[in-house]
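Notes for the structure review
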Amino acid sequence: MRLFIAINFGPAVRERLLALRDGLRGKSSAGNFSEPDNLHLTLVFIGECDAAQTARVRSAMDAADFEPFPAVIARVGRFGRRGGDIWWAGVRESKPLLALQRELTERLLRDGFAVDAGDYHPHITLGREVVTGEKPWETEPFGETVSAIDLMKSERIRGKLTYTAIHTVSK
Ligand code: 2AM
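Residues numbered from 1 in each chain as written. Predicted model: local features only at pLDDT ≥ 70, side-chain atom pairs only at ≥ 80, totals over all residues. Heavy atoms only, no water.

**Some details on the nonpolar core**
Counting residues in hydrophobic clusters, the biggest one holds 43 residues, and the most contacted among them are Ile5, Leu43, Ile46 and Ile149. It is helix α1 (residues 11-26) that provides the largest number of residues to this core, a total of five residues. The residues touching Ile5, leaving out its near neighbours within four places in the chain, are Leu41, Thr42, Leu43, Val44, Ile46, Val57, Met61, Leu104, Leu108, Ile149, Asp150 and Leu151. (Core = buried A, V, L, I, M, F, W, Y, C linked by side-chain atoms within 4.5 Å. Buried < 20%, exposed > 50% of the residue type's maximum accessible area, 1.4 Å probe, protein only. Helix = DSSP H or I, 4+ residues; strand = E, 2+ residues; numbered from the N terminus. Contact = heavy atoms within 4.5 Å.)

Right, here's the structure in full:
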């Protein structure tokens, strides 16, 4: 199974993210834009896992020490890519968010997972291979209190990229 740990947002934030996605899409000549159900904030990308490894990832999540914290989205930006950029909604790098991401990463590294130990850039992908003349912009800040993290399974179902939560830790 291909796994990652993510924060999924409630309907109000999803609506706002969709409006950003649609605004961007309207100003783009090409792009592969995220499906509404697929909008999420990745904390740690893990990759292929067997059942035993999946159980260890669950344990790492269960052991994570965090309290509910606010997540605030305040800008739209891009990662430059040849052939079309990745565009995203940026989440403010608050202390609790970065601490949670670091704790999960360190627990998984200690447990032998080859997860990315580098800098974390919290982002919610709105589209890939996007061709647009638009420049990154600031949005009116919006967000919600995050009180749960999800273990997500990523798969293609009849050609469609599908993410399913298979474990949740709520505070
Ligand atoms: P992205 O949106 O910037 O592509 C599922 O693929 C999630 O894990 C996505 O949010 C993706 O980020 C993230 N991710 C991080 N590193 C990844 C990697 N090496 N391969 C695939 N997805 C990765």
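There's more to say after this.
**Looking at the pattern of salt bridges**
Under the criterion given, the structure shown has seven salt bridges. Among the ionic pairs, Arg56 bridges to Asp111, the shortest N-O distance being 3.1 Å. On the criterion of sequence distance, the pair formed by Arg56 in helix α2 (residues 51-63) and Asp111 in the loop between α3 (95-110) and β6 (123-132) is long-range, its members being 55 residues apart. In this structure, Glu106 and Arg102 form a salt bridge, with 3.3 Å as the shortest nitrogen-oxygen distance. Here Glu106 and its partner Arg102 are both found in helix α3, four residues apart, which amounts to about one turn of the helix. The exposure class of Glu106 is partly exposed, given its relative accessible area of 34%. Overall, the relative accessible area of 31% leaves Arg102 in the partly exposed class. Each of Arg21, Asp22 and Arg25 takes part in salt bridges that share partners, so that together they form one network. (Salt bridge = Lys/Arg side-chain N within 4 Å of Asp/Glu carboxyl O.)

**Considerations on the site of the ligand**
Looking at the ligand, the residues that line it are Arg2, Phe4, His40, Thr42, Phe45, His123, Thr125, Arg128 and Tyr163. At a separation of 2.4 Å, an oxygen atom of the ligand approaches a polar side-chain atom of Thr125. Elements with a contribution of two residues or more to the shell around the ligand: β1 (2-7), β3 (41-48) and β6. For the shell around the ligand, the leading source of residues is β6, giving three residues. Residue composition of the shell around the ligand, by class: three nonpolar, four polar and two charged. (Near = heavy atom within 4 Å. Polar contact = N/O pair within 3.5 Å; in protein donor to acceptor, adjacent residues only side chain to side chain. Nonpolar A, V, L, I, M, F, W, Y, C, P; charged D, E, K, R; others polar.)

**Details of unusual backbone geometry**
If you check the backbone angles, Glu129 has positive phi at about 50 degrees while not being a glycine. Located in the positive-phi region is Arg158, a residue other than glycine, with phi close to 45 degrees. Along the polypeptide, Arg158 turns up in the loop between β8 (148-157) and β9 (160-170).

**Some words on the packing of α2 against α3**
Contact geometry for α2 and α3: axes closest at 10 Å, N-to-C directions at 140 degrees. Classed by the angle they form, the pair α2 and α3 counts as oblique. Note on packing geometry: the crossing formed by α2 with α3 is right-handed. Where α2 abuts α3, its residues Val57, Ala60, Met61 and Ala63 lie against Glu103, Leu104, Arg107 and Leu108. (Axes fitted to C-alpha atoms, helices over the stretch in contact; angles between N-to-C directions. Parallel < 35°, antiparallel > 145°, perpendicular 65-115°, else oblique. Left-handed = near helix turned anticlockwise from the far one by under 90°.)

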